[in-house]
Each structure stands twice: as structure tokens, then as C-alpha cells.
Amino acid sequence: MAPSHVLKCCQKVLAWVPVVFIALVVAWSYYAYVVELCVFIISSTAEKAVYLVIFHLLFFMFIWSYWKTIFTPPASPSKEFCLSKADKEQYEKEERPEYQQEILRRAAKDLPIYTTTASRAIRYCDRCQLIKPDRCHHCSACDICVLKMDHHCPWVNNCVGFSNYKFFLLFLMYSLLYCLFVAATVLQYFIKFWTNELPDTHAKFHVLFLFFVAAMFFISILSLFSYHCWLVGKNRSTIETFRAPMFRNGPDKNGFSLGCSKNLREVFGDEKKYWLIPVFTSLGDGCNFPTRLVIMDPEQLAVSSQNEPAKSSGSNQSFPTRPLSESQNRLLTSDSQWVESGPEEENVKSGAKKHIIVSLES
């Protein structure tokens, strides 16, 4: 037990190394820009004042959003997703997988769950001993199930998910603006360094490295920020991009997409005045998400069952239709039935050969 405990402590300590590295780089960049550049190199008072005001504004928002991303605990499923004591004992005693699934189906019949595993089984976490809500995954680093998990980020030593995804996006945006501003304002002095127009002091070397570091981080963060902006527009997580969620009509990466505008509001909230501030405004509870793939046409389902008997056994599971929460209903106030391309009923995912009524209950 002792060696295992020591190993876990070492892992926890080492996990903070990337965060400490970023903190040291940011602290040095602050010193290099404020002291070495603005105090010792820039001679114009007006230029110095403008640079310092904008720099400190971006620096403050960057640190604030980074802090919130690191220290906001990942959200876990509520107690209703845990098995009762009797169901847990019965599940642990049962060795046959099909009977274990029957126990899980009974426990999940009143839960807002629309996705399953690839084999049409109820998504259950043996480690946390709970039924996973939609978009929830177990993080091996944090050793908990995380709601709407996107990924575990070593640079923040935390899971990025429902509780801090907005903070993570703002952290990327403000770090991008911070690097861009530093690189842009240092550029002219960087050029003077190569033309030997700067005084021969140690400050010139700070200017040199400041430009290189800011430009390097800007390029790397730009690609990551662009990728996550695309994910927000599609209402996907990083995990769902590589492994599409399995609905009863089959896997669909766009199953949770409500349209770009509503997808944006789901992450940033209804009030735009709070969008650029790192305070929690995301809609929903993280356990229940609006989805456009919850209702199937019974006639087409019967025909599909006759035509594809081999697949019908997996699609007979009951999917609960629990009412959406108040914040989720607000996503649908502009149109009580959201459709992807106009008609109230249309065929989507023609390759699946099933007819879906693309509608949402408000």
C-alpha cells in the first residue's frame, strides 16, 4: 500500500509541472514587457502608457480565465444516476452480462439517457458505480466521471468539461490576444535589435526572446482555439469527434447539434454581456442535453425491423423522454420544433436507412 501511495503522490506533484512551467513563462513575459521594454527601452510616454493599459487588461483577463480553468472542479453526475443499494448488490452478484444489462435498463428507465455503447448496452462505469449520462466519460487521470467531458488537459492539470469548458475557451482566446499584442508591439524593437539600433544592454535580449516566445505560442494556440471554435459550432466534444455518440438510430456526430447559434448559447449562455467574462453561464445541468434524434417514426421502425431483423434486437431498448430543463427549453423558444432543413419531418442520414422525425419536445 505504501509504495502505491507514494507513487500517486509523485504523480500528483508531477502533474503540476506543466502549470508551473506556464506560470513561470507568463511571469517572465510580464517582467520583460513591463520592466525591460516599457521602462528601459520605450522613450515615448504616450506610447508607454497605451501599451501598459492594454497589456494589463489582456494580462488580467488571461490570468483570470486560466485560474478558473485550473481550479474549477469537474462536474460529476448527480446521485440519481447511481444504482440503488439493492440494484448494486444484484448487479455485482450477477455474472451474466445480459442480466446485468437488464438490471441497468430497469435503473435507467426514468433517466434522461439517449445514447448507448456501440453494442447497444447501457453506459455504466464500474469504477464510479453509476450509469453514465449522455456525453459523460470517465477520466483516468482524475479518476471520476466528468459531465460532457472534452479532454484532460495537462496544461491546466484538470479535466475540461461541462463546468469549465467556457473558461477553457476564454483562456485560449485571451492567451491568443495576449501573445498577439506582445508580438505586434515588440516587433519594431525586435527589428531594431537586428539593425543594432537598441542600446547595448541586457534588455535587448529580453526583447529578442519575448518576440520569439509570443510568436511561437500564438501559432500553437491559434490552431487549438480554431479547432475548439469549430467544435462549439458543431456542439461536439473532442471525444465525440473521434467516437460519435451512439443513438438508437445509429452513431451520429451531429446528434446534439441544434444549429450554430443555439450551440453557442448552450456553452456561453443567453446573456451576451457575460460571454467574454469567465463566470459560469452555460445552459443546462450537464446531465441532460437537447438532442434532435430522439423520436423515431413507428411505421418506419416496423418496416426497418422487418427488413433488418439482425439489427432490430439492439433497437428495442426504451429511451426515456424526460422533459428538458428550463435552460434547455430556452434554446428552443424561437421554434418549438427544430428542423435541420425546413420540413417538419424529413429523412436524415440516408445511409442509416431509417426515417427520423427531427423534432424536440419543449
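Scroll up to find the structure this text is about.
S.K.: Explain the overall build of the protein chain here, please?
M.R.: Per the secondary structure count, the protein chain includes 12 helices and 8 strands. A total of 362 residues make up the protein chain; the buried ones form 49% of that total. When contacts within the protein chain are restricted to residue pairs at least 6 apart in sequence, those whose partners lie at least 24 apart make up 66%. In the structure as shown, the protein chain presents an accessible area of about 18,900 Å², 63% of it carried by carbon and sulfur atoms.

S.K.: Before we go on, may I ask you to explain the environment of Gln188 in this structure?
M.R.: Residue placement: Gln188 occurs in helix α6 (residues 165–194). For Gln188, a relative accessible area of 34% puts it in the partly exposed group. If near-sequence neighbours (up to four positions away) are discounted, Gln188 is found in contact with Glu47 and Tyr51.

S.K.: What is the right way to read the side chain of His228 from this model?
M.R.: Counting through the fold element by element, His228 comes out in helix α7 (residues 203–234). Discounting residues that sit within four places of it in the chain, His228 has contacts with Asp150, His151, Tyr165, Phe168, Leu169, Leu172 and Thr238.

S.K.: Please explain helix α5 (residues 97–108) as it appears in this structure.
M.R.: Residue pairs three or four apart in sequence face the same way in an α-helix, which turns once every 3.6 residues. Over its 12 residues, α5 extends 16 Å from the first C-alpha to the last, a length consistent with the 16 Å expected when each residue adds 1.5 Å. Where α5 is concerned, the buried positions are Gln100, Gln101, Ile103, Leu104 and Ala108. Down the axis, α5 shows its buried residues gathered within 155° of arc, on one side only. For α5, the secondary structure elements touched by its buried residues are α4 (85–93), β1 (124–125) and β2 (130–131).

S.K.: Could you clarify how one ought to interpret the state of the cysteines in this entry?
M.R.: As used in these notes, a disulfide is a covalent bond between sulfur atoms, one from each of two cysteines. For the coordinates displayed, the defined rule picks out 0 disulfides. Free of any disulfide, Cys9 has its nearest neighbouring cysteine sulfur in Cys10, separated by 6.9 Å. Cys153 takes part in no disulfide bond, and the closest cysteine sulfur to it belongs to Cys159, at a distance of 9.8 Å.

S.K.: I keep staring at the nonpolar core and nothing clicks. Help me out?
M.R.: Soluble, globular proteins show a tendency: their nonpolar side chains are buried together. In terms of nonpolar packing, the biggest core is built from 52 residues, with Tyr33, Leu37, Phe55, Tyr165, Val182 and Val186 touching the most fellow members. Setting aside anything within four residues of it in sequence, one finds Leu37 in contact with Ala32, Ile42, Val186, Tyr189 and Val207. Core analysis: the second largest hydrophobic core is formed by 23 residues, Leu83, Cys125, Cys145 and Phe289 among them.

S.K.: Explain the packing of aromatic side chains here, please?
M.R.: Two measures describe an aromatic ring pair: the distance that separates the ring centres and the angle between the ring planes. Enumeration according to the criterion identifies 30 aromatic pairs in this entry. Between the aromatic rings of Tyr30 and Phe59, the centroid separation amounts to 4.9 Å while the plane-to-plane angle is 45°, which identifies the pairing as tilted. Here Tyr30, found in helix α2 (residues 17–39), pairs with Phe59, found in helix α3 (residues 45–71); they are 29 residues apart in sequence, far enough to count as distant. Residue Tyr30 is classed as partly exposed on the basis of its relative accessible area of 29%. Taking 4.4 Å as the distance between ring centres and 20° as the angle between the ring planes, the aromatic pair formed by Phe190 and Phe211 counts as stacked. A residue pair is termed long-range when its members are at least 10 positions apart, and Phe190 in helix α6 and Phe211 in helix α7 qualify at 21 residues. Aromatic rings pair up to connect Tyr30, Tyr33, Tyr51, Phe55, Phe59, Phe62, Tyr66, Phe168, Phe171, Tyr178 and Phe181 into one cluster. One residue, Arg135, lies across the ring of Phe256, its end atom 4.4 Å from the ring centre. Its guanidinium or amino end placed over the ring of Phe289, Arg135 lies 5.0 Å from that ring's centre, counting from NZ or CZ.

S.K.: In this structure, what is going on with the pattern of salt bridges? I would like to understand it.
M.R.: Proximity of charged atoms lets side chains of opposite charge pair with each other. Tallied over the full model, the rule gives 8 salt bridges. The partner of Arg105 in a salt bridge is Glu102, and the shortest N-O contact between them spans 3.6 Å. Highlighted residues: Arg105 and Glu102, both in helix α5, separated by 3 residues, approximately one helical turn.

S.K.: Looking at this structure, I do not really get a nonpolar patch on the surface. What am I missing?
M.R.: A surface patch of nonpolar side chains, about 550 Å² in accessible area, is lined by Trp16, Val20, Leu24, Trp67 and Phe71. Listing elements by their share of the nonpolar patch, those giving two or more residues are α2 and α3. Of note, Val20 is situated in helix α2.

S.K.: Looking at this structure, how should I read the packing of α2 against α3?
M.R.: Axes are the key here: two packed helices are described by the angle between their axes and the distance separating the axes. The interhelical angle for the contact between α2 and α3, taken along N-to-C directions, is 170°, at an axis separation of 11 Å. With respect to α3, the axis of α2 lies roughly antiparallel. In contact with Val19, Ile22, Val26, Ser29, Tyr30, Tyr33, Val34, Cys38 and Val39 of α2, α3 contributes Lys48, Tyr51, Leu52, Phe55, His56, Phe59, Phe62, Ile63, Tyr66 and Ile70. Of the residues assigned to the contact of α2 with α3, the class counts are 16 nonpolar, 2 polar and 1 charged.

S.K.: I tried to follow the packing of α2 against α7 on my own but got confused; where do I start?
M.R.: Following both chains from N to C, one finds α2 and α7 inclined at 135°, their axes separated by 10 Å at the closest point. Taken together, the axis directions place α2 and α7 in an arrangement best described as oblique. For the crossing formed where α2 meets α7, the hand is left-handed. When α2 is examined against α7, the residues Ile22, Val25, Trp28, Ser29, Tyr31, Ala32, Tyr33, Glu36 and Leu37 are found in contact with a partner set consisting of Ala203, His206, Val207, Phe209, Leu210, Val213 and Phe217.

S.K.: Where do I start with the side chain of Ser282 in this structure?
M.R.: On the secondary structure map, Ser282 appears in the loop between α9 (260–268) and α10 (298–307). Reaching out from Ser282, the side chain makes a polar contact with the backbone oxygen of Val267 at a distance of 2.5 Å. Excluding residues within four positions of it along the chain, Ser282 makes contact with Phe162, Lys166, Glu266, Val267 and Gly269.

Parameters and conventions
Residues numbered from 1 in each chain as written. Predicted model: local features only at pLDDT ≥ 70, side-chain atom pairs only at ≥ 80, totals over all residues. Heavy atoms only, no water. Helix = DSSP H or I, 4+ residues; strand = E, 2+ residues; numbered from the N terminus. Buried < 20%, exposed > 50% of the residue type's maximum accessible area, 1.4 Å probe, protein only. Contact = heavy atoms within 4.5 Å. Areas by Shrake-Rupley, 256 points an atom, 1.4 Å probe, with all protein chains shown as cover. Expected span 1.5 Å × (residues − 1). Arc of directions from axis to C-beta. Disulfide = S-S within 2.5 Å. Core = buried A, V, L, I, M, F, W, Y, C linked by side-chain atoms within 4.5 Å. Phe/Tyr/Trp six-rings, centres within 6.5 Å; stacked < 30°, edge-to-face > 60°. Lys NZ or Arg CZ within 6 Å of the ring centre and 35° of its normal. Salt bridge = Lys/Arg side-chain N within 4 Å of Asp/Glu carboxyl O. Patch = residues over 30% accessible without salt bridge, like charges linked within 9 Å, V, L, I, M, F, W, Y side chains within 5 Å. Axes fitted to C-alpha atoms, helices over the stretch in contact; angles between N-to-C directions. Parallel < 35°, antiparallel > 145°, perpendicular 65-115°, else oblique. Nonpolar A, V, L, I, M, F, W, Y, C, P; charged D, E, K, R; others polar. Left-handed = near helix turned anticlockwise from the far one by under 90°. Polar contact = N/O pair within 3.5 Å; in protein donor to acceptor, adjacent residues only side chain to side chain.

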